[in-house]
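Per-entry structural report
Spelled out, the chains give:
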Amino acid sequence: MGETASAAASTIDDHLLLKNFFAEVSEAKRDNEVARILSCFKLNPFEYLKLPFESSPDDVKKQYRKLSLMVYPDKCKHPQAKKAFGVPAKAQQLLLDQKKGNELRVTLVLEIDELH
C-alpha cells in the first residue's frame, strides 16, 4: 500500500511540475507576442496579425481572436499588454473595412514590388 501512495504522490508532483512548466512557457509566449506586436511596422496591419496580404475576412477574424486572447491584459502579465491588446483590434477593423483593406493591399503590393 505504501508503494501505491508513493507512486500516486510522485505522479501528482510530476503533474504539478509539468503544469507549472507549461504555464511559464505560455507566459513567455504571451510576453514575446506583446513585444512582437509593439515592434511591428506601424502601417502594416497584416504584420500585426501575422497574415499574408491575400487573407480572407474569416482569416482576419480568426487570427485577431487568437492574438487578442494571447495578449489579453488579464491573462498576460507583460507591463505593456494593455497597449498591445488594442493594436490587433485596430488592424482587424482596418482589414475588414472592404474599401480601406483593398486600398491597403494594393499599396503594400506596389511598395513591395518596388523593392524587388
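Our subject is the structure listed above.
A quick note: this is a predicted structure, and the numbers were derived from the prediction, not measured.

Procedures and definitions
- Residues numbered from 1 in each chain as written.
- Predicted model: local features only at pLDDT ≥ 70, side-chain atom pairs only at ≥ 80, totals over all residues.
- Heavy atoms only, no water.
- Helix = DSSP H or I, 4+ residues; strand = E, 2+ residues; numbered from the N terminus.
- Expected span 1.5 Å × (residues − 1).
- Buried < 20%, exposed > 50% of the residue type's maximum accessible area, 1.4 Å probe, protein only.
- Arc of directions from axis to C-beta.
- Phe/Tyr/Trp six-rings, centres within 6.5 Å; stacked < 30°, edge-to-face > 60°.
- Axes fitted to C-alpha atoms, helices over the stretch in contact; angles between N-to-C directions.
- Parallel < 35°, antiparallel > 145°, perpendicular 65-115°, else oblique.
- Contact = heavy atoms within 4.5 Å.
- Nonpolar A, V, L, I, M, F, W, Y, C, P; charged D, E, K, R; others polar.
- Core = buried A, V, L, I, M, F, W, Y, C linked by side-chain atoms within 4.5 Å.

Observations concerning helix H3 (residues 57-70)
In a regular helix each residue adds 1.5 Å, so 14 residues correspond to 20 Å; H3 covers 20 Å between its end C-alpha atoms and thus fits that length. For H3, the full list of buried residues reads Val60, Gln63, Tyr64, Leu67 and Ser68. Here the buried residues of H3 occupy an arc of 130 degrees about the axis, which is enough to place them on one side. When the buried face of H3 is taken as reference, the exposed residues oriented beyond 90 degrees from it are Lys62, Arg65 and Lys66.

A look at the packing of aromatic side chains
Tallied over the full model, the rule gives 2 aromatic pairs. Look at phenylalanine 46 and phenylalanine 53: their rings are 5.0 Å apart centre to centre, the planes differ by 75 degrees, and that puts the pair in the edge-to-face class. Residue classification places phenylalanine 46 among the buried positions, given a relative accessible area of 1%. Ring geometry for tyrosine 72 against phenylalanine 85: centres 5.3 Å apart, planes inclined by 80 degrees, an arrangement best described as edge-to-face. Of this pair, tyrosine 72 sits in the loop between H3 and helix H4 (81-96) while phenylalanine 85 is found in helix H4, placing the two residues 13 residues apart along the sequence.

Some thoughts on H4
Its 16 residues give H4 an end-to-end C-alpha distance of 23 Å, which sits within 8% of 22 Å, the value for a rise of 1.5 Å per residue. Within H4, burial applies to Ala81, Ala84, Val87, Pro88, Ala91, Gln92 and Leu95. In an axial view of H4, the angular spread of the buried residues amounts to 125 degrees, which keeps them on one side of the axis. Residues of H4 that are exposed and point over 90 degrees away from its buried face: Lys82, Lys83, Lys90 and Gln93.

Some remarks on the packing of H4 against helix H5 (residues 98-115)
At their nearest, the axes of H4 and H5 sit 5 Å apart, and the two run at 95 degrees to each other. Here H5 runs roughly perpendicular to H4, going by the angle between their axes. Contacts between H4 and H5 involve Leu94, Leu95 and Leu96 on the former and, on the latter, Gln98, Lys100, Gly101, Leu104 and Arg105. In terms of residue class, the contact of H4 with H5 is built from 4 nonpolar, 2 polar and 2 charged.

Overview of the nonpolar core
Of all hydrophobic cores here, the largest spans 20 residues; its most connected members are Val34, Ile37, Phe46, Tyr48, Leu49 and Leu95. For this core, the elements supplying multiple residues, two or more each, are helix H1 (2-39), helix H2 (45-49), H3, H4 and H5. Top contributing element to this core by residue count: H4, with 5 residues. Excluding its chain neighbours within four sequence positions, the residues that come into contact with isoleucine 37 are Tyr48, Val71, Ala84, Val87 and Pro88.

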